[in-house]
Amino acid sequence: MTFTSRWPDGHELVSYSPSLVVHDHLEAGGRYPVAEFVARSRTALETASERVRARYGVPCSRAAASLAAIEARAAGLDGDVEVTALRPERAA
């Protein structure tokens, strides 16, 4: 699945998760302080990646890349700004 987030500068970032577990951590339309968004995304993507590892013996590199992109986007942002979790979609 993919999920989109809108950042304070209006940029929309599309991230990939191999699992629907993201629904357990981010609510569509939810607004989160940047640090909380990163923490929730990290938990969701690491959980999803571990599910892949358990099944296939290797973690999900796309989930790791998505987490790295989220962390890079968040770097240097003021902790008071918010990120909006937008629409989750099934990946094609």
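Residues numbered from 1 in each chain as written. Predicted model: local features only at pLDDT ≥ 70, side-chain atom pairs only at ≥ 80, totals over all residues. Heavy atoms only, no water.

Here we come to the nonpolar core. Of all hydrophobic cores here, the largest spans 21 residues; its most connected members are Phe3, Trp7, Leu26, Phe37 and Ile70. Secondary-structure elements contributing two or more residues to this core are β2 (12-16), α1 (34-56), α2 (61-74) and β4 (82-89). When residues of this core are assigned to their parent elements, the largest contribution, 6 residues, is made by α1. Once residues lying within four places of it in the same chain are set aside, the contact partners of Ile70 are Phe3, Trp7, Leu13, Ser15, Phe37, Val38, Ser41 and Leu45. (Core = buried A, V, L, I, M, F, W, Y, C linked by side-chain atoms within 4.5 Å. Buried < 20%, exposed > 50% of the residue type's maximum accessible area, 1.4 Å probe, protein only. Helix = DSSP H or I, 4+ residues; strand = E, 2+ residues; numbered from the N terminus. Contact = heavy atoms within 4.5 Å.)

Among the secondary structure elements, Ser19 is positioned in the loop between β2 and β3 (31-33). Judged by its relative accessible area of 10%, Ser19 falls in the buried class. At 3.0 Å, the side chain of Ser19 and the side chain of Arg51 are in polar contact. (Polar contact = N/O pair within 3.5 Å; in protein donor to acceptor, adjacent residues only side chain to side chain.)

What follows is about the packing of aromatic side chains. All chains considered together, the criterion is met by 2 aromatic pairs. Aromatic pair Trp7 and Phe37: ring centres 5.7 Å apart, planes at 90 degrees, arrangement edge-to-face. In this pair, Trp7 sits in the loop between β1 (2-6) and β2 while Phe37 sits in helix α1, placing the two residues 30 residues apart along the sequence. A relative accessible area of 3% places Trp7 in the buried class. Ring geometry for Tyr32 and Phe37: centres 6.4 Å apart, planes at 40 degrees, overall tilted. One exposure class covers both Tyr32 and Phe37, and it is buried. Each residue in the set Trp7, Tyr32 and Phe37 is aromatic and connected to the rest through ring pairs, giving one cluster. (Phe/Tyr/Trp six-rings, centres within 6.5 Å; stacked < 30°, edge-to-face > 60°.)

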